[in-house]
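Per-entry structural report
Chain residues, written in single-letter form:
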Amino acid sequence: MHTENKEIITRERLIRLYEKNRSFLAENDTAILAEKRNSAFESFVRLGFPDTSMESWRHTDLDESFMRTYDYDLHPGEEVDVQKVFRCNIPHLDTAVIGLLNGWYVSKDVPLMELGNGIILGSLAEARKKYPQIIEKYYGTAADDATDGFTALNTAFARDGVFIYVPDNVKSPKPVQLINVIHHEENLFLQSRNLIVVGANAKLSLVHCDDSYNHQASFSNIVTEVHLGENGILDHYKLQNLNNNSTLISSVYFKLDAAAHLESHYISLNGGMLRNNIRLLFGGSHGNANIFGLYLMDRKQHVDNQVFVDHAYPDCTSNEMFKGILDEHARAIFNGHVLVRRHATHTDARQTNKNILLTDTARVNSKPFLEIYNDDVKCSHGSTTGQLDTESMFYLRQRGIGEETARMLLMFAFADEIVTKISIPQLRQRIEDMVKKRLQGELQICEQCVLHCSTPEHPMEFNIDLTKI
Amino acid sequence: MLLQIKNLHAGINGKEILRGVDLEVKKGEVHAIMGPNGTGKSTLASVIAGREVFNVTEGEILYNGKDLQKLSIEDRAREGIFLGFQYPVEIPGVSITNFMRTAVNEVRKFKGLDPLPGGEFLRLMEEKKRLVEITSNLTNRSVNEGFSGGEKKKNEIFQMAMLEPMLAILDETDSGLDIDALRIVANGVNKLRRPDNAFVVITHYQRLLDYIVPDFVHVLFQGKIVKSGGKELALELEEKGYDWIKKEQEA
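Residues numbered from 1 in each chain as written. Chains lettered and ligands numbered in written order. Predicted model: local features only at pLDDT ≥ 70, side-chain atom pairs only at ≥ 80, totals over all residues.

1. Focus: the overall build of chain A
Where we set the bar: Numbered from the N terminus, helices here are DSSP runs of H or I no shorter than four residues, and strands are runs of E no shorter than two. The quantity called the radius of gyration is restricted to C-alpha atoms. Its globule counterpart is 2.2 Å times the number of residues to the power 0.38. Using C-beta atoms placed from the backbone, we call a residue buried if 20 or more other C-beta atoms fall within 10 Å of its own, exposed if 12 or fewer do, and partly exposed for counts in between. C-beta atoms are first placed from the backbone for all residues, and any pair lying within 7 Å is then listed as a contact.
When helices and strands are counted, chain A shows ten helices and 23 strands. What you see for chain A is a C-alpha radius of gyration of 22 Å, in line with the 23 Å of a compact globule of 469 residues. When burial is assessed residue by residue, chain A has 50% of its 469 residues classed as buried. Considering only intrachain contacts with a sequence separation of at least 6, the fraction spanning at least 24 residues in chain A is 82%.

What follows is the structure in structure tokens.
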């Protein structure tokens, strides 16, 4: 039996499940991958799940998420009407849209696309079979199975997810859109695994969306490894619009070779319990990483951004800027940790976290933290939390702008500092639109961030007119 | 009567600043309010505009016969009251274009008018920019962000020109301006003078009144208007200094 229904999530349940399905899980593993899986399992047995006694989990209590019952499938469910789930036409396969449904790669007829320029795009499960050398070279080398219980658990159970490979010197002509949709009749636990490799002098834009389709509860433990080769460029967007019953543990491990450049944008628009583990390692000198975050939370939503940047080589630049607006009883955590190692001279590292609390009951815990073992560096960090500026409110209202509209203008202006950093124009407009809707309380959880709905028959237009907000 | 202030007492955090102000402004008039620092000039401007940190404890303000205290900040603005800020606020992320379009259209909506079409709005912007000699393309910049003192004040007059208020209160619009910027700001105001609107110009110095010639000059001292006269009062003040007023009051 590869499926379990309606059980709560415990360390014991998962250990039992793993032992029962050990050979099934590893059926397509090479010897090296099987060994990784096994040792990850051993780690999980040792580590278990994190709890609030651990520093990085002090403010994020998952008890409520664990105590729900979930179905857990170790293989894809029955075929679903993909078009219905994605609400609009899945375009032809030569366009770069790929989808995961409940953690499984959609479009079984073509599980792996090999584009003319050498780019490979598709199911990780299929890539494990077809490209074992590439997989062995990268898979599990950036992820931390040794100390992170969730990541170890993911590696132990990983079957499918997305694989993207951009060979050396190839620049992906259009952004790849990865849509991760959860849609299930019962509560669902899922663990998908993504591997993204951008070669030396290669370039990729990746839009990675986490969306819900209904209000059913879910618990996702997703691990993504990203390798950027020398001089490689990745423009990365993580967009989260999940329902209030969703728990998402998203761990992304970036490894940057020399002179690689990363732009990463984390836009959290909705979600009951969101945890973003962002871990970045400079694996060569002259790397450059900008990590931006925007979270707009209300009700009892919880978002926890943990950003760890390891300056292991000299002459690297990192810049983190996370901004959030919290309403009602929402809660946000920002932990930024920059480690500058002894030999990492000329490191330039910045961390900023800014929050606006709209109510007395919204809360923020912000801890930018620098750990520096080299004298010849430029590092700064800062954190502010406050209300909407009363002077600005008075100024806007004195010009005849109503109180609600004035609040919207100021909130949007605050968020816009992050939104303007999105370099794909259509995406920036789309996100701008979603942010405005979100601030007005009109964003639907099924409103997906994807751009592919814009088919010639139904052009999608966004009326960006601030007078309407 | 456009504005009628009767025995106005107001303060902040329990501290009384205005102690019985009386003032009447008719359409077509320009009033100057002068006085030493800390006598309540800016408080008076803020209270008329409805700034919430100030409490009115006694007296009333009538605007076109309506009790202003019953109106929100934005409704006062929509009824035609404009405050030129002494320290215009910087609002990063809000462009002047969007700010003004939102403001103009909210005022229009209040008056039962349709929003101004985009092209017409932009033409209006260009026309009003010329009025205050704004040549740079600061309209696509964030509101007041990184503006020089002179640019900020020009921007206030520009906004006033866009909104065409009935009653404009200019709070020390001349402070921090060099002579050229002062001339531009004053010219802007003079071009906007009409028989059906009025200006209350708050200033510390007589200098501005060489350019914007007032019909009446009032001296505010310790929260009260202690002296009123024609434009010659400003010259007398310039000559004798505020000590003259202080001595008179103490006598």
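We are not done yet, so read on.
2. Focus on the overall build of chain B
For chain B, the count of helices and strands is eight helices and twelve strands. For 251 residues, the compact-globule estimate of 2.2 N^0.38 gives 18 Å, and the C-alpha radius of gyration of chain B, at 18 Å, lies within 12% of that figure. Dimensions of chain B, computed from the C-alpha atoms along their principal axes, are close to 60 × 40 × 35 Å. Counting all 251 residues of chain B, 45% fall into the buried class. A fraction of 72% describes how many contacts in chain B between residues 6 or more apart in sequence connect residues 24 or more apart.

3. Regarding the pairing of strand 20 (residues 331–340) of chain A
Residues and elements named next belong to chain A. As a reminder, the rule being used: In this description, strands pair whenever DSSP reports at least two bridges between them.
In terms of residue burial, strand 20 counts as a mostly covered element, since seven of its ten residues are buried. In terms of strand pairing, strand 18 (residues 302–311) meets strand 20 through ten bridges, oriented parallel. The partner of His-311 across the bridge, within strand 20, is Val-340. As defined by bridge partners, strand 20 adjoins strand 22 (residues 363–372) across ten bridges and the pair is classed as parallel. When the bridges of strand 22 are listed, Asn-335 appears paired with Lys-367.

4. Some words on the interface of chain B and chain A
By a frequent convention, interface size equals the accessible area lost on bringing the separate parts together. Spelled out, the test is: We call Asp, Glu, Lys and Arg charged. Ala, Val, Leu, Ile, Met, Phe, Trp, Tyr, Cys and Pro are nonpolar, and the rest, Gly among them, are polar.
Counting from both sides, the interface comprises 23 residues of chain B and, opposite them, 19 residues of chain A. Only helix 2 (73–78), strand 7 (91–95), helix 3 (96–110) and helix 5 (149–163) of chain B provide two or more residues apiece to the side of chain B that touches chain A. With seven residues, helix 3 of chain B is the largest single contributor of residues to the side of chain B that touches chain A. The residue makeup of the side of chain B that touches chain A, split by class, is 13 nonpolar, five polar and five charged.

5. Here's the deal with the sheet that holds strand 15 (residues 261–270) of chain A
Within the open sheet, the ten strands sit side by side as 4-3-8-11-13-15-17-19-21-23 (chain A). Their pairing is mixed. Two strands close off the open sheet at either side, each with one partner strand: strand 4 (104–105) and strand 23 (378–386) of chain A.

6. Section: the nonpolar core
The test is simple: The term nonpolar core refers to a group of buried residues, namely Ala, Val, Leu, Ile, Met, Phe, Trp, Tyr and Cys, whose C-beta atoms join them within 7 Å. In this entry, domain limits derive from an automatic or database-based domain assignment.
Grouped together as the largest cluster of nonpolar side chains are 201 residues, with contacts concentrated most on Leu296(A), Ala332(A), Ala415(A), Ile48(B), Ile169(B) and Val201(B). Built from parts of two domains, this core gets at least three residues from each of domain 1 (3–284) and domain 2 (388–469) of chain A. Those residues in contact with Leu296(A) that lie beyond four places of it in its chain are Leu269(A), Ile325(A), Ala415(A), Val435(A), Arg438(A) and Leu439(A).

7. Looking at helix 7 (residues 149–157) of chain A
Residue and element names in this part refer to chain A. Among the nine residues in helix 7, nine count as buried, and that is most of the element. Those residues of helix 7 that sit buried are Gly-149, Phe-150, Thr-151, Ala-152, Leu-153, Asn-154, Thr-155, Ala-156 and Phe-157. The inward-facing, buried residues of helix 7 abut helix 1 (11–25), helix 2 (31–47), strand 10 (193–198), strand 12 (218–228) and strand 14 (246–256).

8. Section: the confidence of the model for chain A
Put simply, the rule is: A score from 0 to 100, pLDDT tells how confident the predictor is in each residue.
Scored by pLDDT, chain A comes out at a mean of 89, with 90% of its residues at no less than 70. Counting interchain partners and residues more than four positions distant, the pLDDT-below-50 stretch residues 449–469 of chain A has 39 contacts.

9. Quick notes on the environment of Ala289(A)
All names here are of chain A. Residue position: Ala-289 is located in strand 17 (residues 288–297). The buried category is assigned to Ala-289, around which 24 C-beta atoms lie within 10 Å. Between the C-alpha atom of Ala-289 and that of Tyr-139, which follows or precedes it by 150 residues, the distance is 22 Å. Sequence-distant contacts of Ala-289, that is, excluding residues within four places in its chain, are made with Leu-256, Leu-262, Leu-280, Val-309 and Ser-318.

10. Brief notes about the packing of helix 4 (residues 118–131) of chain B against helix 5 of chain B
Residue and element names in this part refer to chain B. What counts is decided by this rule: In this analysis an axis means a line fitted to C-alpha atoms, helices contributing only their contacting stretch, and an angle means the value between N-to-C directions, from 0 to 180 degrees. Orientation categories follow fixed angle ranges, with anything under 35 degrees roughly parallel, anything over 145 roughly antiparallel, 65 to 115 roughly perpendicular, and all other angles oblique. Take the far helix as the reference: if the near one is turned anticlockwise from it by less than a right angle, the crossing is left-handed, and if turned clockwise, right-handed.
For the pair helix 4 and helix 5, the least separation of the axes is 9 Å and the interaxial angle reads 135°. In terms of orientation, helix 4 lies oblique with respect to helix 5. Crossing hand, helix 4 versus helix 5: right-handed. Together, Leu-124, Lys-128, Lys-129 and Leu-131 of helix 4 and Phe-158, Ala-161 and Met-162 of helix 5 make up the contact between the two elements. Of the residues contributing to the contact of helix 4 with helix 5, the split by class is five nonpolar, no polar and two charged.

11. Topic: unusual backbone geometry
Despite not being glycine, Asn231(A) shows a phi value in the positive range, around 65°. Checked against the element boundaries, Asn231(A) lands in the loop between strand 12 and strand 13 (233–241). Not every positive phi belongs to a glycine, and Glu133(B) is a case in point at roughly 55°. Note that Glu133(B) resides in the loop between helix 4 and strand 8 (142–143). Look at Glu133(B) and you get partly exposed, because 16 C-beta atoms sit within 10 Å.

12. Some points on the sheet that holds strand 12 (residues 224–229) of chain B
All names here are of chain B. Taken in spatial order, the six strands make up an open sheet running 6-9-10-3-11-12, and their pairing is mixed. One side of each edge strand has no neighbouring strand; the edge strands of this open sheet are strand 6 (81–84) and strand 12. Put simply, the sheet's adjacent strands are angled 20° from each other on average, direction ignored. For strand 6 and strand 9 (residues 167–171), the ladder comprises four bridges, and the chain directions are parallel. What sits directly across from Ile-81, in strand 9, is Leu-167. Packing of helix 5 onto the sheet brings it into contact with strand 6 and strand 9, and relative to strand 6 it is tilted by some 170°.

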